[in-house]
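If you want the building blocks of each chain, they are given just below.
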Amino acid sequence: GLPYVRGAVDVLDFRFDGSGVTWVGSPNDFDIEAIAALTPDLILITQNQTEQLNNLTKIAPTVIVDTSGTRRTLLDRYRFVADVSHRLEVFETRLGLWEDRVARFRTQLEAAIGDPAKVSVVVADAAEGKITVFRHYDAITEVLYALGFGQPDLVGTIEGAHFIELSGERVQEIDADFMISNYDARETQT
């Protein structure tokens, strides 16, 4: 029930407690007055929140962070945010923790299954009569790629956007050993 930064918890061990970060509302319904009351030095928004850009720039300089997965991977976006917020040193420290964890888990994984590149894994959602196959899905794919898992050939064909949509009849084209889904019944997906 408490707010959290999806992906940042797993990838960089970020928690709101003790971080100095204040919750100002959901990404699609943030409180402009709460933001102004914080007198921020910098405001970060995604490309999906630009309808409030004029109001936000009256409060503080506002930077748009592309979260589509087409321009930057998750770690690259974190580095970008750290850079524009003058916190690169903190990012580099946490990146070191991430790299240590990946190395430790990769060693355990290799001991358990051998070369993870020989195991293809895809992130895909089946909902609303279609299958969406993702090239990048933030923390999930960042971890899978860092651990060295292989990808089905279909993922290599995804250009431009970070996903493609297939009809159910084309499911065999995915051809992965494992499929990870982000299906969430709370979102009333069918």
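Moving on, we come to the pattern of salt bridges. In the structure shown here, the tally under the stated rule is 4 salt bridges. Residues R79 and D76 are paired through a salt bridge, measuring 3.9 Å at the closest nitrogen-oxygen approach. Here D76 and R79 lie together in helix α4 (residues 74-84), a separation of 3 residues that amounts to about one turn. Between E92 and R79 there is a salt bridge, with the nearest N and O atoms lying 3.6 Å from each other. Of this pair, E92 sits in helix α5 (residues 88-113) while R79 sits in helix α4, and the two are 13 residues apart along the sequence. Residues joined in a network through salt bridges with shared partners are D76, R79 and E92.

Next up on the list: the pairing of strand β5 (residues 121-127). Of all 7 residues making up β5, 6 are buried, and the element is well covered by its neighbours. Bridge count between β5 and strand β8 (residues 178-180): 3 bridges; the pairing is parallel. In the strand pairing of β8, V121 is matched with F178. When β5 meets strand β6 (residues 130-134), the two strands line up antiparallel, connected through 5 bridges. Among the inter-strand pairings, A127 is bridged to a residue of β6, identified as K130. Connecting β5 to the antiparallel partner β6 that follows it, the hairpin turn spans 2 residues, and E128 within it adopts a positive phi of roughly 55 degrees.

What follows covers the sheet that holds β8. A sheet is described by the order of its strands in space; here 4 strands give the open sequence β7-β6-β5-β8, paired in mixed fashion. Edge positions in the sheet fall to β7 (163-167) and β8, since each of these pairs with one other strand and no more. Ignoring which end each strand starts from, the neighbouring axes of this sheet average 35 degrees apart. Contacts from helix α6 (residues 139-146) reach β5 and β8, with the element oriented near 155 degrees to β5.

Rules used throughout
- Residues numbered from 1 in each chain as written.
- Predicted model: local features only at pLDDT ≥ 70, side-chain atom pairs only at ≥ 80, totals over all residues.
- Heavy atoms only, no water.
- Salt bridge = Lys/Arg side-chain N within 4 Å of Asp/Glu carboxyl O.
- Helix = DSSP H or I, 4+ residues; strand = E, 2+ residues; numbered from the N terminus.
- Buried < 20%, exposed > 50% of the residue type's maximum accessible area, 1.4 Å probe, protein only.
- Pairing = 2+ DSSP bridges.
- Axes fitted to C-alpha atoms, helices over the stretch in contact; angles between N-to-C directions.
- Contact = heavy atoms within 4.5 Å.

Spatial relationships are all this shows, so hold off on functional conclusions.
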